[in-house]
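Close look at the chain arrangement
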Amino acid sequence: MSKGVLVDIPKCIGCESCSVACKLWNELEWDPQEKTKTPTDRAKEPNNGLWPEEWTSINRYALKKNGTAVGRYVKTQCMHCEDPACVSACFSKAIQKLPQGPVIYDQKLCVGCRYCMMACPFDILRYEWKKSIPGVRKCQMCPTRVANNQETACTSVCPTGAITFGDRDELLAEAKKRIRSNGYVDRVFGEKEAGGTSWLYISDTPFEQMKFRTDVTTKSLPSYTEGYMKMTPFIGGAWATILAGLYVFNNKNKEPLE
């Protein structure tokens, strides 16, 4: 069964334990400039605080709930789509969707075209512009841990239960239960967005006020082109036949060269 993570936004206190665990497990470099930024600073950045060495980011948003000022922390990382557009766009197979849920990246297969970055509906992937042999970087959802039935590094250290690892179907049911019990916004972000994602979010404040892409289609992006791509071999064959016919027609009355 495909795994996933449920993010209960009101439970997050912004401690950033998940970010530290991500760096330690994945052996990511520590950027002195990034270390000085606050969750409020990251929320103002156009890239949501995600960089080649920052696979997860905690962003703080100042909001109002029932007329009262509140702060909400949002964990941001790859959404690990059920039918990923990045995988569909990658002709070198450098990005793959595992049956367990994670969408992983293999730099050895990458040709650097960056089609995956253009295809991502959530603008998550980052390119290593400063490296001589650059690659695309993003959260891998700890595939070796998940394959061994272990939870992700980030969820294993969360002190408040704001992020919960488990079977996606069970997490979706739990999310809807919490929405009813806590009076949250009646929406599980990630249930249907882009065809569904492995990361699911619930909130007591509107998602659009926290820079969520609420305008994303509920249909998986690869499904839009699937019908056309199936026709490619037939179109190619028909076009080859037409060209061959034109060649024969144009040359049938020509005298052979001596």
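For the structure itself, look to the data block above.
Residues numbered from 1 in each chain as written. Predicted model: local features only at pLDDT ≥ 70, side-chain atom pairs only at ≥ 80, totals over all residues. Heavy atoms only, no water.

A probe as big as a water molecule, rolled over the atoms, marks out the empty space that is left. Taken as a whole and judged by the stated rule, the model has five cavities of 30 Å³ or more. Of the residues contributing to the lining of the largest cavity, the split by class is eleven nonpolar, three polar and two charged. (1 Å grid on protein atoms, 1.4 Å probe; cavity = no way out; pocket = protein on both sides within 12 Å on 5 of 7 lines; lining within 4 Å. Points joined across faces, edges and corners; volume = space filled by probe spheres on them. Nonpolar A, V, L, I, M, F, W, Y, C, P; charged D, E, K, R; others polar.)

Across the sheet, three strands lie side by side as β8-β1-β9; this open sheet has mixed pairing. In the strand order of this sheet, the two ends are held by β8 (163-167) and β9 (199-202), each with one partner. In this sheet, neighbouring strand axes are inclined to one another by 25° on average, regardless of whether the strands run parallel or antiparallel. With five bridges connecting them, strand β1 (residues 3-8) and β8 associate as antiparallel partners. By the bridge assignment for β8, G4 is matched with G166. (Pairing = 2+ DSSP bridges. Helix = DSSP H or I, 4+ residues; strand = E, 2+ residues; numbered from the N terminus. Axes fitted to C-alpha atoms, helices over the stretch in contact; angles between N-to-C directions.)

What follows deals with helix α8 (residues 168-182). Residues that lie three or four places apart on an α-helix share one face, since the helix turns once every 3.6 residues. Between the first and last C-alpha of α8 there are 21 Å, a value that for 15 residues agrees with the 21 Å anticipated at 1.5 Å per step. Listed in full, the buried residues belonging to α8 are R168, L171, L172, A175, R178 and I179. All buried residues of α8 fall inside an arc of 125° around its axis, so they share one side. Facing away from the buried surface of α8 by more than 90 degrees, the exposed residues are E170, R180 and S181. Close packing links the buried residues of α8 with β1, β8 and β9. (Expected span 1.5 Å × (residues − 1). Buried < 20%, exposed > 50% of the residue type's maximum accessible area, 1.4 Å probe, protein only. Arc of directions from axis to C-beta. Contact = heavy atoms within 4.5 Å.)

Everything listed here is a matter of geometry and, on its own, says nothing about what the molecule does.
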